[in-house]
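So you can see what is in the structure, the chains are spelled out below.
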Amino acid sequence: MSFGGHFSAEIVPKLLELQGSASHGALGRFTATPFPDATLRQDGSIQPLPITAFLIGTVWHTTPSLDLYAYAGLEKTKATFSNVGTVPFGYGNPLYNNLGCNIENSPAATCNANTSQVRQYTVGFYDTIFKGDYGAIKAGVQYSYNQRFAFEGVGGAPKTDDHIVMTQVRYYPF
């Protein structure tokens, strides 16, 4: 079972918008983070992973042709595991091997690091650089800071972060 909601409001009409959303439940592949839908219990039965997702953002229409925007988002899950003696089962199990996670080119078996949460912060602009009888050309630049945190395991709780800059040019006919 899952539930969620979204809101979008013009704080200052035609100038400033505020948007947000939240959801919780068996969201799995329906989030931007590649969480699995479920994990296995020690008896072989399926256990859905509970995932929580939040997003908040604003768009400022600075001029009729220029929009500035900023968004922040978080997606996270709870560890859902069990053990039979020293044999780990499930997702986020603290018995999983994370010893090789911070070593480049280490064997895959030395880094099981299940994702516990992902955060993203984004800012950018979108500008109409031409508008005429045959359509419009718009261009944009976006910066994104992304963080991934893993569950604690043998060898620690690895994390990573990425800085991404993207550009685009679009043509809108007529």
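Look up: the structure comes first, before these words.
The rules we used
- Residues numbered from 1 in each chain as written.
- Predicted model: local features only at pLDDT ≥ 70, side-chain atom pairs only at ≥ 80, totals over all residues.
- Heavy atoms only, no water.
- 1 Å grid on protein atoms, 1.4 Å probe; cavity = no way out; pocket = protein on both sides within 12 Å on 5 of 7 lines; lining within 4 Å.
- Points joined across faces, edges and corners; volume = space filled by probe spheres on them.
- Helix = DSSP H or I, 4+ residues; strand = E, 2+ residues; numbered from the N terminus.
- Nonpolar A, V, L, I, M, F, W, Y, C, P; charged D, E, K, R; others polar.
- Salt bridge = Lys/Arg side-chain N within 4 Å of Asp/Glu carboxyl O.
- Buried < 20%, exposed > 50% of the residue type's maximum accessible area, 1.4 Å probe, protein only.
- Pairing = 2+ DSSP bridges.
- Axes fitted to C-alpha atoms, helices over the stretch in contact; angles between N-to-C directions.
- Core = buried A, V, L, I, M, F, W, Y, C linked by side-chain atoms within 4.5 Å.
- Contact = heavy atoms within 4.5 Å.
- Phe/Tyr/Trp six-rings, centres within 6.5 Å; stacked < 30°, edge-to-face > 60°.
- Lys NZ or Arg CZ within 6 Å of the ring centre and 35° of its normal.

Enquirer: Teacher, can you tell me more about the layout of surface pockets here?
Expert: Unoccupied space between atoms shows up once a probe the size of one water molecule is rolled over them. When its volume is computed, the largest pocket comes out at roughly 370 Å³. Along its surface, the largest pocket is lined by 18 residues, and Ala32, Leu55, Gly73, Glu75 and Gln120 are the ones closest to its centre. In terms of residue count, the dominant contributor to the lining of the largest pocket is strand β6 (residues 66-77) (five residues). Its residues placed into classes, the lining of the largest pocket shows nine nonpolar, seven polar and two charged.

Enquirer: Help me understand the pattern of salt bridges, please; the structure alone is not making it clear to me.
Expert: Two side chains with opposite charge may pair up if their charged atoms get near one another. Counting across every chain of the model gives one salt bridge. Arg29 is paired through a salt bridge with Asp37; the nearest N and O atoms lie 2.6 Å apart. Residue class for Asp37 comes out partly exposed when judged on its relative accessible area of 29%.

Enquirer: Please clarify how the environment of Val87 should be interpreted in this entry.
Expert: With respect to the helices, strands and loops of the structure, Val87 is situated in strand β8 (residues 87-91). Taking C-alpha positions, Val87 is 9.2 Å from Gln42, a pair spaced 45 residues apart along the chain.

Enquirer: Can you walk me through the sheet that holds strand β9 (residues 115-132) in this structure?
Expert: Two orientations exist for strands paired in a sheet by backbone hydrogen bonds: parallel and antiparallel. The antiparallel open sheet is built from seven strands, whose spatial order is β1-β2-β5-β6-β9-β10-β11. Two strands lie at the open edges of the sheet, namely β1 (2-12) and β11 (159-172), each paired on one side alone. Pairs of neighbouring strands in the sheet enclose a mean axial angle of 10°, with direction left out of account. Across eleven bridges, strand β5 (residues 51-61) lies against β6 in antiparallel orientation. Across the sheet, Leu55 pairs through a bridge with Gly73, a residue of β6.

Enquirer: Even after reading the chapter, I still don't get the nonpolar core, so can you show me in this structure?
Expert: Generally speaking, soluble globular proteins have nonpolar side chains that are buried together. Judged by nonpolar contacts, Leu27, Phe35, Leu49, Ile51, Ala53, Tyr91 and Phe151 together constitute the single largest core of seven residues. In contact with Tyr91, other than residues within four places in its own chain, are Phe35, Pro36, Thr39, Leu49, Thr77, Ala79, Thr80, Phe81, Asn114, Thr115 and Phe151.

Enquirer: Explanation requested: the environment of Thr110 in the structure shown.
Expert: For Thr110, the location among the structural elements is in the loop between β8 and β9. Under the relative-accessibility criterion, Thr110 is labelled partly exposed at 21%. Note: C-alpha distance between Thr110 and Ser21 (89 residues apart in sequence) is 37 Å. The contact partners of Thr110, leaving out residues within four places of it in the chain, are Asn97, Asn98, Leu99, Gly100 and Cys101.

Enquirer: Teacher, can you tell me more about the packing of aromatic side chains here?
Expert: Where two aromatic rings form a pair, the distance of their centres and the angle of their planes describe that pair. Tallying each qualifying case throughout the model produces three aromatic pairs. Note on Tyr69 and Tyr71: the rings are 6.1 Å apart at their centroids and 50° apart in plane angle, and the pair reads as tilted. Taking relative accessible area as the criterion, Tyr71 reaches 24% and is therefore assigned partly exposed. For the pair Tyr91 and Phe151, a centre-to-centre distance of 5.9 Å together with 90° between the ring planes defines the contact as edge-to-face. Taken together, the residues span a long stretch of sequence, with Tyr91 in strand β8 and Phe151 in the loop between β10 (135-150) and β11 at a distance of 60 residues. When the ring centre of Tyr172 is taken as reference, the NZ or CZ atom of Lys138 above it lies at 5.3 Å.

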